[in-house]
Amino acid sequence: MSVDFNTVATEFCHFYYQQFDSDRTQLGNLYRDQSMLTFETSQLQGAKDIVEKLVSLPFQKVAHRISTLDAQPASPSGDILVMVTGELLIDEEQNAQRYSQVFHLIPDGNSYYVFNDIFRLNYS
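Bear in mind the structure is a predicted one, so any value in this text is a computation, not a measurement.

Student: I'm lost on the overall build of the protein chain in this one. Help?
Tutor: Looking only at helices and strands, the protein chain has two helices and six strands in total. Ordering the α and β elements of the protein chain from the N terminus gives α-β-β-α-β-β-β-β. Each principal axis of the C-alpha atoms in the protein chain carries an extent, and together these give about 45 × 30 × 25 Å. Taken over 124 residues, the protein chain has a buried fraction of 39%. Put simply, 47% of the contacts in the protein chain that link residues at least 6 apart link residues at least 24 apart.

Student: Sorry, what's going on with the pattern of salt bridges here?
Tutor: Pairing between side chains of opposite charge can happen when the charged atoms of each approach one another. Going through the model one piece at a time under the given rule, you end up with five salt bridges. The salt bridge partner of Glu40 is Arg120, with a shortest N-O separation of 3.6 Å. Here Glu40 is found in the loop between strand E1 (31-39) and strand E2 (42-45), whereas its partner Arg120 is found in strand E6 (residues 111-122), with 80 residues between them in sequence. Judged by relative accessible area, Glu40 falls into the buried class, the value being 18%.

Student: I keep staring at unusual backbone geometry and nothing clicks. Help me out?
Tutor: Glycine aside, residues mostly have negative phi angles, and peptide bonds mostly take the trans form. Positive phi outside glycine occurs at Glu40, with the angle close to 55 degrees. Phi angles above zero are rare outside glycine, and Asp91 is one such case at about 45 degrees. Here Asp91 lies in the loop between strand E4 (80-90) and strand E5 (97-108). Taking relative accessible area as the criterion, Asp91 reaches 31% and is therefore assigned partly exposed.

Student: Hey, could you run me through the side chain of His104 in this one?
Tutor: Tracing the chain through its elements places His104 in strand E5. Of the polar contacts made by the side chain of His104, one reaches the side chain of Asp79; its length is 2.9 Å. Excluding residues within four positions of it along the chain, His104 makes contact with Ala74, Asp79, Ile80, Leu81, Tyr113, Val114, Phe115 and Asn116.

Student: How do you make sense of the pairing of E1 when you look at a structure like this?
Tutor: The side chains of a regular strand alternate, residue by residue, between the two faces of the sheet. Both E1 and E6 contribute to a ladder of five bridges, which runs parallel. Across the sheet, Leu37 pairs through a bridge with Asp117, a residue of E6. As judged from the four bridges shared by E1 and E2, these two strands associate in the antiparallel manner. Counted as the bridge partner of Met36 is Gln45 from E2.

Student: Honestly, the sheet that holds E4 in this entry has me stumped. Any pointers?
Tutor: Within a beta sheet, neighbouring strands are joined by backbone hydrogen bonds and run either parallel or antiparallel to one another. Taken in spatial order, the six strands make up an open sheet running E2-E1-E6-E5-E4-E3, and their pairing is mixed. The open sheet has two edge strands, E2 and strand E3 (62-73), and neither has a second partner. The average angle at which neighbouring strand axes cross in this sheet is 15 degrees, direction not considered. Helix-sheet contacts for helix H1 (residues 5-22) involve E1, E3, E4, E5 and E6, and the interaxial angle to E3 is about 160 degrees. Against the sheet, helix H2 (residues 47-55) contacts E1 and E2, and its axis sits at roughly 40 degrees relative to E1.

Student: What's the story with the pairing of E6 in this structure? I'm lost.
Tutor: Sheet topology note: the E5/E6 ladder contains eleven bridges and is antiparallel. Within E6, the residue paired with Arg98 across the bridge is Asn122. Where E5 folds back onto E6 in an antiparallel hairpin, the turn is made up of two residues, including Gly109, whose phi is positive at roughly 65 degrees.

Cut-offs applied
- Residues numbered from 1 in each chain as written.
- Predicted model: local features only at pLDDT ≥ 70, side-chain atom pairs only at ≥ 80, totals over all residues.
- Heavy atoms only, no water.
- Helix = DSSP H or I, 4+ residues; strand = E, 2+ residues; numbered from the N terminus.
- Buried < 20%, exposed > 50% of the residue type's maximum accessible area, 1.4 Å probe, protein only.
- Contact = heavy atoms within 4.5 Å.
- Salt bridge = Lys/Arg side-chain N within 4 Å of Asp/Glu carboxyl O.
- Polar contact = N/O pair within 3.5 Å; in protein donor to acceptor, adjacent residues only side chain to side chain.
- Pairing = 2+ DSSP bridges.
- Axes fitted to C-alpha atoms, helices over the stretch in contact; angles between N-to-C directions.

Next up, the structure:
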């Protein structure tokens, strides 16, 4: 049975952002020791360091709004490459900040984990 990479990418992103927005401390299960996050200019490797970085971000409330989501198969092994653009509503700010994020998802049994995660705010 072949995997619908668009469905996997969409379901993953909705789960990821819902978890991020409600409790960032619970994102560790989506990463592994070899996973890497590039967040703006910071690069971190390993689930523990990645979650520490995400938890340390200087806001209490955040809401992600996805504008676009594109996915492609990334290897014959079932990897999926996901590109997301959207808006962040942070704390009580009225003006959303635009962002771009790329995920490289690797199959792991019946689910996927994040091997690469690249995040950038988009300044106009």
